[in-house]
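# Report on the structure
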Amino acid sequence: MEVTLTHILFLSTSLFFIGMYGLFTRRNMITMLMAIELILNSVNINFVAFNKYLYPEELTGVFFTIFIIAIAAAEAAVAIAIIIHIYRDHKSIDVEDSQDMKY
Amino acid sequence: MTTTKIFRAAVFLLFSLMGVAGLYFWMHVEFVAAVQIIVYVGGIVVLIIFSIFLTQEAGVEMPKATNTRLIFSTLASICGIVLTTLLIDQYAFPEISTMALDASPNNIGTNMMDYTEKGYALPFEVISILLLAAMVGSITIALKSKPEEV
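Residues numbered from 1 in each chain as written. Chains lettered and ligands numbered in written order. Predicted model: local features only at pLDDT ≥ 70, side-chain atom pairs only at ≥ 80, totals over all residues. Heavy atoms only, no water.

Summing up its helical and strand segments, chain B has five helices and zero strands in all. Written out in order from the N terminus, the α and β elements of chain B read α-α-α-α-α. Computed over C-alpha atoms, the radius of gyration of chain B comes to 22 Å, more than 25% over the 15 Å expected from 2.2 N^0.38 for 150 residues, which places it beyond the range of a compact globule. Taking the principal axes of the C-alpha coordinates as reference, chain B spans close to 65 × 50 × 25 Å. Within chain B, the fraction of its 150 residues that count as buried is 28%. Considering only residue pairs separated by 6 or more positions, chain B has 51% of its internal contacts joining residues 24 or more positions apart. As displayed, chain B offers around 10300 Å² of accessible surface, 71% of which is attributable to carbon and sulfur atoms. (Helix = DSSP H or I, 4+ residues; strand = E, 2+ residues; numbered from the N terminus. Rg over C-alpha atoms; globule rule 2.2 N^0.38 Å. Buried < 20%, exposed > 50% of the residue type's maximum accessible area, 1.4 Å probe, protein only. Contact = heavy atoms within 4.5 Å. Areas by Shrake-Rupley, 256 points an atom, 1.4 Å probe, with all protein chains shown as cover.)

Next comes the structure, spelled out in structure tokens:
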């Protein structure tokens, strides 16, 4: 069987919704961050697959993927800094426990 | 369905990111696969594991999610998967081009530094400034605040 664009899109769809499931069920900030990484990865797979199968004469999808990876790295660094700061103040990284800015 | 041991979750994440890198290798975009391994596996997962050690007492299990939340998120995810899968399955993509994608590091680098209208020099500059701002911001946030001087 030949693997086509549709099969790769199925894979990235399931990866996206596994990440979404994790984001919905987890209440721990670090695991929610992991779920967001999964979602970003599924988007990257989509960009590379569209670039390779539909428009192989350009490199737009590959560049988008590289830029998204850079943004994901920056986002993870800032998120972990915030998480460590919250842990110092509250001794907990559960999202239900950090409600200082809620009202 | 989700593991209650956070360290195991990090290791599973590591393996799924390696799997995505393998998919990139299979699609012959070796440069992106290498970037994926270096940045995600070598950078982000290590950062996550360090922050687990810093914020979690070793061996403490996370509380399980409540049943209503489990049911509704399973429902939402499965509905989303089914809907998107049906949409992808029925969509007729234009004819698949048989041309090979030239994603060699040489070609990527030439395009990245190109400042004509087909190049990506401006996004590259913007992403550099964003990374710098993120570094400075995270250092500022994570700094220990000094005790108040009287």
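A few words now on the pattern of salt bridges. In this structure the tally under the stated criterion is two salt bridges over all chains. Between E96 of chain A and R27 of chain A there is a salt bridge, with its nearest N and O atoms 3.8 Å apart. Of this pair, E96 of chain A sits in the segment after α3 (60–90) while R27 of chain A sits in the loop between α1 (5–25) and α2 (29–53); the two residues are 69 residues apart in sequence, bridging distant segments of the chain. E96 of chain A sits in the partly exposed class, given a relative accessible area of 40%. The shortest N-O distance in the salt bridge between E96 of chain A and R69 of chain B comes to 3.6 Å. With E96 of chain A in the segment after α3 and R69 of chain B in helix α3 (residues 67–90), this residue pair bridges two chains. You can call R69 of chain B partly exposed: its relative accessible area is 26%. Three or more residues are tied together by salt bridges with common partners; here these are R27 and E96 of chain A together with R69 of chain B. (Salt bridge = Lys/Arg side-chain N within 4 Å of Asp/Glu carboxyl O.)

Formed by 58 residues in total, the largest nonpolar core has its most connected members in I30, M34 and V62 of chain A together with Y24, M27, V29 and I48 of chain B. Looking at this core, the elements that each hand over two or more residues are α1, α2 and α3 of chain A together with α1 (6–26), α2 (30–55) and α4 (105–112) of chain B. With 14 residues, α3 of chain A is the single largest residue contributor to this core. Every residue in contact with Y24 of chain B, bar those within four places of it in the chain, is listed here: N41, N44, I45, V48 and T65 of chain A together with V29, V32, A33 and Q36 of chain B. (Core = buried A, V, L, I, M, F, W, Y, C linked by side-chain atoms within 4.5 Å.)

So, on to the packing of α2 of chain A against α1 of chain B. The interhelical angle for the contact between α2 of chain A and α1 of chain B, taken along N-to-C directions, is 5 degrees, at an axis separation of 11 Å. It follows that α2 of chain A is roughly parallel to α1 of chain B by the angle criterion. On α1 of chain B, the residues touching I30, T31, M34, L38, N41, N44, I45, V48 and Y53 of chain A of α2 of chain A are I6, A9, A10, L13, S16, L17, V20, L23, Y24 and W26 of chain B. (Axes fitted to C-alpha atoms, helices over the stretch in contact; angles between N-to-C directions. Parallel < 35°, antiparallel > 145°, perpendicular 65-115°, else oblique.)

Mapping T31 of chain A onto the fold places it in helix α2. With a relative accessible area of 4%, T31 of chain A lands in the buried category. Sequence-distant contacts of T31 of chain A, that is, excluding residues within four places in its chain, are made with R26 of chain A together with I6 and M62 of chain B.

Taken by themselves, the reported measurements are silent on function.
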